[in-house]
Amino acid sequence: MWLKFNNAFTGEWLQYGQLFTNLQESLFGRLFLLIMTIIPCVLLLHYMVIGPKRFAHDGPQVYFFDLFSRIIHWIAAVTFSFMVLTGLMVIFSKPLGGGALIMGGRSVHIASGLLFTVAAIPMFIIWLKDMLPVGYDIKWMFIMGGYLSKEKMPVPAGKFNAGQKMWFWLATLGGFVLAYSGYVLWSFQGPTDTLRLMVIIHNFLAAALSAMFLVHLYMSLFAIAGSLGSMISGYKPQEEVAILHSRFKS
Amino acid sequence: MGRMKFLCDVERCIDCKGCVVACKEGNHIPVGINRRRVITIGQGKPGEKSLSISCMHCSDAPCIAVCPVDCIYQREDGIVLHDKEACIGCGYCFMACPFGAPQFPSGQVFGARGAMDKCTFCAGGPEENFSAKEIKLYGQNRIAEGKVPLCAGMCATKALLAGDASEVSDVYRERVFKRGSGASAWGQDKKAYKD
C-alpha cells in the first residue's frame, strides 16, 4: 500500500531521486569548482613552460572564415559564454547570496540558451563537412597537436584539427542535448524521474563543455598569439596555416 | 522540545480535501500551488485508500541536502522552513523530495519558476513572527500562536494528526488498539522500501 502511495507522489524515489540527491549533495558543486580551478592552473602552467605559438602576421594571409560563419560563431560564442557564467552562478549561488540576482541569472541562462540553439543549427551545418573525422586526426592526437613542444613542426590537420573537432561535436550535439534537457527542466512537466535524469545529464554535460570552453578560450586568446584576429577579420597568416593546418586547401 | 510530525490515518481519510482547501484559503496560496494534496489509490475498487500529503518535515531532509543556496533549514522542533528571498527557484528540492512537496509559481521572466513554496507546518518563515512580511510570504504562523496547523485542525474525521511526535503516536496507537487492525496498521506487513 505504501509503495503505491509513494509511486503516486513522485515516482520511484530510489531510482533517480536518491541518485540525484547524492550527486547534488556531494559531487556537482565540487566538480565545477575543480574544473574552474584546475584547468586554468594547467593552462597557466602550459603558458609558462611552453609558451604561446607566434607566427608572422605581416606575411601573406589566407582567407579562412567567411562572414556568415564568423557571425554565427560570435552569436554562439557570446550566448555560450553567458550560459557558462549564469550556469556557474546557479551552481555557486550560495557564496553569491542567491535571491533575485540568481533568478535574473537564470532568466539570462534561458534566453541565451534559446539564442544559442538557434545559432548552433547553422553552425552545425556549415562546418559539418570540415569537422568529419579523418585518418590523420589520430596522428594529431598522438602528438597533442604539437602543443607540447616549442618547435614549429607542421601538424596533420585540415581546416580544423582534431581538438577543434572534439570541441565542435561536443558543443553542437552536446549542446542540443543540453538544450533539450534544459527545455524539460524549464517546462518542469512530466514524471519527476525524467526531471531528475535530465538534471543529472545537464550537469555532467555542462561540466564537460565548460572544461572544453576554457581550453578553447585559452587557445584563441593566449596559446596561439593573434589567433583571435582570424575570427574577426577572417584571415589567418599563411605561416600559421602551413604549420597548424598543414592539410588545408582553400 | 518536542518533534513536530504529521500523520495521516488512511483508515479514516475520506478524500474530502478539506485540508487542501483550509491550507489554500488560510495561507492565501495562489492557484496552481498546493502545499497539501490528497492522493487516492485503487479508486472505486475494494480497499480504496486516501492519504493527505504535504511536506513531511523529514529528519535529514533531502531538500536541505540539495539546495544550492542552503535556504532550507530545520528548526529545533523538526519543522523544515525556507527563506523565499534567498531561493533561486532552481527546482532541485522538488527533484530530491520523495513527496513532491515543494511547489513553484510560474509566470516569471521567460516563464521561469519563481521562489519555492511549501508547507510550513503553519509556522511561518524566517521573518519575524506575525510580521506583515511573514504573512505575505509564508502565510499564518499558527504554531507561534499555540495552535495546530490549519489542515489538521480542519480535518473532519481527524485522520490528519499534527503535533508533537509522541502525542501523535499515542493518539494513533490508541486508535489502532481499539480498531484491532493488527500489525498491518503501521504498514509493517510489507516493506515500503527495498533493502
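Residues numbered from 1 in each chain as written. Chains lettered and ligands numbered in written order. Predicted model: local features only at pLDDT ≥ 70, side-chain atom pairs only at ≥ 80, totals over all residues. Heavy atoms only, no water.

**Student:** When you look at the overall build of chain B in this model, what are you seeing that I'm missing?
**Tutor:** The helix and strand tally for chain B stands at 6 helices and 6 strands. Seen in sequence order, chain B has helices and strands lined up from the N terminus as β-α-β-β-α-β-β-α-α-α-β-α. For chain B, the spread of C-alpha atoms along the three principal axes comes to 55 × 35 × 35 Å. Considering chain B as a whole, with its 195 residues, one finds that 54% of them fall into the buried category. If you sum the accessible surface of chain B, you get close to 9,400 Å²; carbon and sulfur atoms cover 54% of it. Positive and negative side-chain charges of chain B, numbering 26 and 22 respectively, have mean locations separated by a distance of 6 Å. (Helix = DSSP H or I, 4+ residues; strand = E, 2+ residues; numbered from the N terminus. Buried < 20%, exposed > 50% of the residue type's maximum accessible area, 1.4 Å probe, protein only. Areas by Shrake-Rupley, 256 points an atom, 1.4 Å probe, with all protein chains shown as cover. Lys, Arg positive; Asp, Glu negative; His and termini not counted. Charge placed at Lys NZ, Arg CZ, Asp CG, Glu CD.)

**Student:** Please explain the nonpolar core as it appears in this structure.
**Tutor:** Nonpolar side chains in soluble globular proteins generally cluster together in the buried interior. Counting 46 residues, the largest nonpolar core has F80(A), W127(A) and L244(A) as the members making the most contacts within it. For this core, the secondary-structure elements that each account for two or more residues are α3 (28-49), α4 (67-91), α6 (100-131), α8 (162-187), α9 (192-223) and α11 (238-244) of chain A. The element that contributes the greatest number of residues to this core is α9(A), accounting for 8 residues. In this structure F80(A) touches F116(A), W167(A), L209(A) and F213(A), once residues within four positions along its chain are discounted. Core analysis: the second largest hydrophobic core is formed by 34 residues, M198(A), C63(B), C71(B) and M116(B) among them. (Core = buried A, V, L, I, M, F, W, Y, C linked by side-chain atoms within 4.5 Å. Contact = heavy atoms within 4.5 Å.)

**Student:** Teacher, can you tell me more about the interface of chain B and chain A here?
**Tutor:** Often, the extent of an interface is quoted as the loss of accessible area on bringing the components together. Listed per partner, the contact involves 43 residues of chain B and 39 residues of chain A. Regarding the contact of chain B and chain A, the summed buried area is about 3,600 Å², with carbon and sulfur atoms giving 69% of it. Inspection of the region where chain B meets chain A yields 1 salt bridge. Close ionic contact of K94(A) with D70(B) constitutes a salt bridge, the shortest N to O distance being 3.1 Å. Run the count over chain B and chain A and you get 13 residue pairs in polar contact (both at pLDDT 80 or more). Elements with a contribution of two residues or more to the side of chain B that touches chain A: β2 (37-41), β3 (49-53), α2 (62-66) and α3 (92-96) of chain B. In the side of chain B that touches chain A, the residues fall into 29 nonpolar, 7 polar and 7 charged. (Buried area = accessible area lost by both parts, 1.4 Å probe. Salt bridge = Lys/Arg side-chain N within 4 Å of Asp/Glu carboxyl O. Polar contact = N/O pair within 3.5 Å; in protein donor to acceptor, adjacent residues only side chain to side chain. Nonpolar A, V, L, I, M, F, W, Y, C, P; charged D, E, K, R; others polar.)

**Student:** Honestly, the packing of aromatic side chains in this entry has me stumped. Any pointers?
**Tutor:** The relative placement of two aromatic rings is captured by the distance of their centres and the angle of their planes. What the rule picks out here adds up to 21 aromatic pairs over all chains. Their ring planes at 80° and their centres at 5.1 Å tell us that F64(A) and F65(A) sit as a pair that is edge-to-face. The same class applies to F64(A) and to F65(A), which are both buried. Among the aromatic residues, ring-to-ring pairing joins F64(A), F65(A), W127(A) and F160(A) into one connected group. Just above the ring of F104(B) sits the side chain of R113(B); from NZ or CZ to the centre is 5.9 Å. (Phe/Tyr/Trp six-rings, centres within 6.5 Å; stacked < 30°, edge-to-face > 60°. Lys NZ or Arg CZ within 6 Å of the ring centre and 35° of its normal.)

**Student:** Would you mind showing me how to read the packing of α4(A) against α6(A) here?
**Tutor:** Packed helices, taken two at a time, are described by their axes: the angle between them and the distance between them. Residue and element names in this part refer to chain A. Contact geometry of α4 with α6 gives a least axis separation of 7 Å together with a crossing angle of 150°. As judged from the angle between their axes, α4 and α6 are roughly antiparallel. Crossing handedness for the pair α4 and α6: left-handed. Grouping the amino acids of the contact of α4 with α6 by side-chain chemistry returns 19 nonpolar, 9 polar and 1 charged. (Axes fitted to C-alpha atoms, helices over the stretch in contact; angles between N-to-C directions. Parallel < 35°, antiparallel > 145°, perpendicular 65-115°, else oblique. Left-handed = near helix turned anticlockwise from the far one by under 90°.)

**Student:** Please explain the side chain of N27(B) as it appears in this structure.
**Tutor:** Residue and element names in this part refer to chain B. Examined against the element boundaries, N27 turns out to sit in helix α1 (residues 18-27). By relative accessible area, which is 6% here, N27 ends up buried. At a separation of 2.9 Å, a polar atom in the side chain of N27 contacts the main-chain amide nitrogen of Q140.

**Student:** What exactly am I supposed to notice about the side chain of K165(A) here?
**Tutor:** Locating K165(A) in the fold gives a position in helix α8. Other than its neighbours up to four places away in sequence, K165(A) contacts D130(A), M131(A), L132(A), P133(A), V134(A), D137(A) and F160(A).

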